[in-house]
Amino acid sequence: MTTAPQAAPAAEPDGRTLALLHADLVERAARDGLLDVAYRVVDSPVGSLLVAAGERGVLRVAFDVQGHDAALQEIAARVSPRVLAGGRRLDPVLRELDEYFAGRRRTFDVPVDLRLLTGFRREVVLSLPDVPYGATASYAQVAAATGRPAAVRAVGTACARNPVPLLLPCHRVVRSDGTPGRYAGGDAAKATLLALERAAAGLDGGAGRA
Amino acid sequence: MTGPFEDVVRVHGPTVLRVCRAMLAGRDADDAWSETFLSALRAWPELPADANVEAWLVTIARRRCLDELRRRARHAVPVEDPALTTGTALVARADEPGARDLDLWRAVAALPAKQRRVVVLHHLGGLPYTDVAALVGGTDAAARRAGADGVATLRRTYGAAVTDEEDAR
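As recorded in an unreviewed UniProt entry, chain B goes by RNA polymerase sigma factor (Sigma-70 family) and comes from Cellulomonas iranensis. The Sequence similarities (unreviewed entry) field of the UniProt record for chain B holds the comment "Belongs to the sigma-70 factor family. ECF subfamily."

Going by an unreviewed UniProt entry, chain A carries the name Methylated-DNA--protein-cysteine methyltransferase and comes from Cellulomonas iranensis. Looking at chain A in UniProt, the text filed under Subcellular location (unreviewed entry) is "Cytoplasm". Reading the Function (unreviewed entry) entry of the UniProt record for chain A gives the comment "Involved in the cellular defense against the biological effects of O6-methylguanine (O6-MeG) and O4-methylthymine (O4-MeT) in DNA. Repairs the methylated nucleobase in DNA by stoichiometrically transferring the methyl group to a cysteine residue in the enzyme. This is a suicide reaction: the enzyme is irreversibly inactivated."

**What to know about the sheet that holds strand β1 (residues 37-42) of chain A**
Taking strand neighbours across the sheet as the criterion, the four strands line up as β3-β2-β1-β4 (chain A) in an open arrangement whose pairing is mixed. A strand with exactly one partner marks an edge of an open sheet, and here the two such strands are β3 (58-63) and β4 (83-85) of chain A. Across the sheet, the mean angle from the axis of one strand to that of its neighbour is 20 degrees, orientation sign disregarded. Each of β1 and β4 of chain A touches helix α1 (residues 5-23) of chain B; the most contacted strand, β4(A), lies at about 55 degrees to it.

**So, the side chain of B:Gln115**
Residue and element names in this part refer to chain B. Mapping Gln-115 onto the fold places it in helix α5 (residues 113-124). Residue classification places Gln-115 among the buried positions, given a relative accessible area of 16%. Once you skip the residues sitting within four places of it in the chain, Gln-115 turns out to touch Ala-146, Asp-149, Gly-150 and Thr-153.

**A closer look at unusual backbone geometry**
Residues and elements named next belong to chain A. Phi is positive for Leu-166, close to 75 degrees, though the residue is something other than glycine. By the secondary structure assignment, Leu-166 is in the loop between α6 (152-160) and β6 (173-174). Classification of Leu-166 by relative accessible area gives buried; the value is 1%.

**What to know about the pairing of β1(A)**
All names here are of chain A. Burial within β1 is extensive, with five of its six residues counted as buried. In the sheet, β1 pairs with β4 via three bridges, with the strands oriented parallel. Following the sheet pairing, Val-37 is matched in β4 by Val-83. Taken together, the five bridges between β1 and strand β2 (residues 49-53) define a ladder with antiparallel strand orientation.

**What about α6(A)?**
Residue and element names in this part refer to chain A. All of the buried residues along α6 are Val-155, Ala-158 and Cys-159. What you see down the axis of α6 is that its buried residues fit within an arc of 100 degrees, all on one side. On its buried side, α6 packs onto α4 (119-127), α5 (139-145) and β6.

**Observations regarding the pattern of salt bridges**
Any two side chains of opposite charge can pair if their charged atoms end up close together. What the rule picks out here adds up to 13 salt bridges over all chains. With a shortest N-O distance of 3.0 Å, A:Arg88 and A:Asp91 are connected by a salt bridge. The class of A:Asp91 is partly exposed, set by a relative accessible area of 24%. The shortest N-O distance in the salt bridge between B:Glu35 and B:Arg64 comes to 3.5 Å. Here B:Glu35 is found in helix α2 (residues 26-43), whereas its partner B:Arg64 is found in helix α3 (residues 53-74), with 29 residues between them in sequence. Sharing partners across several salt bridges, the network here consists of A:Glu96, A:Glu99, A:Arg105 and A:Asp109.

Reading the values: the criteria
- Residues numbered from 1 in each chain as written.
- Chains lettered and ligands numbered in written order.
- Predicted model: local features only at pLDDT ≥ 70, side-chain atom pairs only at ≥ 80, totals over all residues.
- Heavy atoms only, no water.
- UniProt positions renumbered as here; feature names shortened; annotations may be inferred.
- Pairing = 2+ DSSP bridges.
- Helix = DSSP H or I, 4+ residues; strand = E, 2+ residues; numbered from the N terminus.
- Axes fitted to C-alpha atoms, helices over the stretch in contact; angles between N-to-C directions.
- Contact = heavy atoms within 4.5 Å.
- Buried < 20%, exposed > 50% of the residue type's maximum accessible area, 1.4 Å probe, protein only.
- Arc of directions from axis to C-beta.
- Salt bridge = Lys/Arg side-chain N within 4 Å of Asp/Glu carboxyl O.

Structure follows, in structure tokens:
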């Protein structure tokens, strides 16, 4: 995973200077407690990802197909418009995502900030890590696990609205007939993630537990 | 304002840098740029949705630059090149010291105050005359006239400087 190039202003004689000034601004904003939201856009095996974090944790992971601009607008409107690209804050989560995509990480340790979600939806996405790496659960099973077995459709909606996919693994929730079902990152992304986890879990099992 | 501040830096960063560089030199201009965006970031959530962001930023930048020029005028410290830090120049030395560019900067610096401000804000800062008028005072038409007069003077003085230089060769 590499950082996507910053959009340098076109036809500007000192775009490099501006990039340096921008980086310095982000650092100073963080020092002064003004960096409410830091984000970066990175490449991954499931397309480019926007990752945004506040001071309390990761607020958002958005797939390209969801629209990075729309995700940023929502964060700016609902969390804070003091949003800047870059900064050190995202280093830990980006490292963990790297490890995850390399098949070397099964759970995420970085804190998430679920303030974009409330009520039952929040409860559902918080329960997602209970579905083990490499396994799947049906929407009905997740509904039952949250104590509301009839809320199958609501579980589907909660998964679709998960603000931090990958970190909270809504991709492990599938249809009762075993087919993957829909995914915010697209059907292909869901298949890629499930295959990645099965392969990594299988390889790990063959080599003995670490 | 409810939009991400990052967009503001991307869109207006170059203009603010032009304004800072028109008023201060080198590191001071860079510092003024950072200070401008830092204080804009602080105030951004409270800025009314219908505000003219560019004019707002240019105002902050000008104030920052003027504060710095005043500060330097008060604490006159000996430096290697006093031309870099005098409290009067509205235009700074060009980054790339090409003789011709320096002549242009000198010619701009020699303009009457209002013309100089209008030329810097409109032609260097990229502000429309309406916004320039809001910053320097007076009507759009007056700003437009001052800009035209300034450019006419530049054509004469800068043209003369270039000719002199070529004659001297």
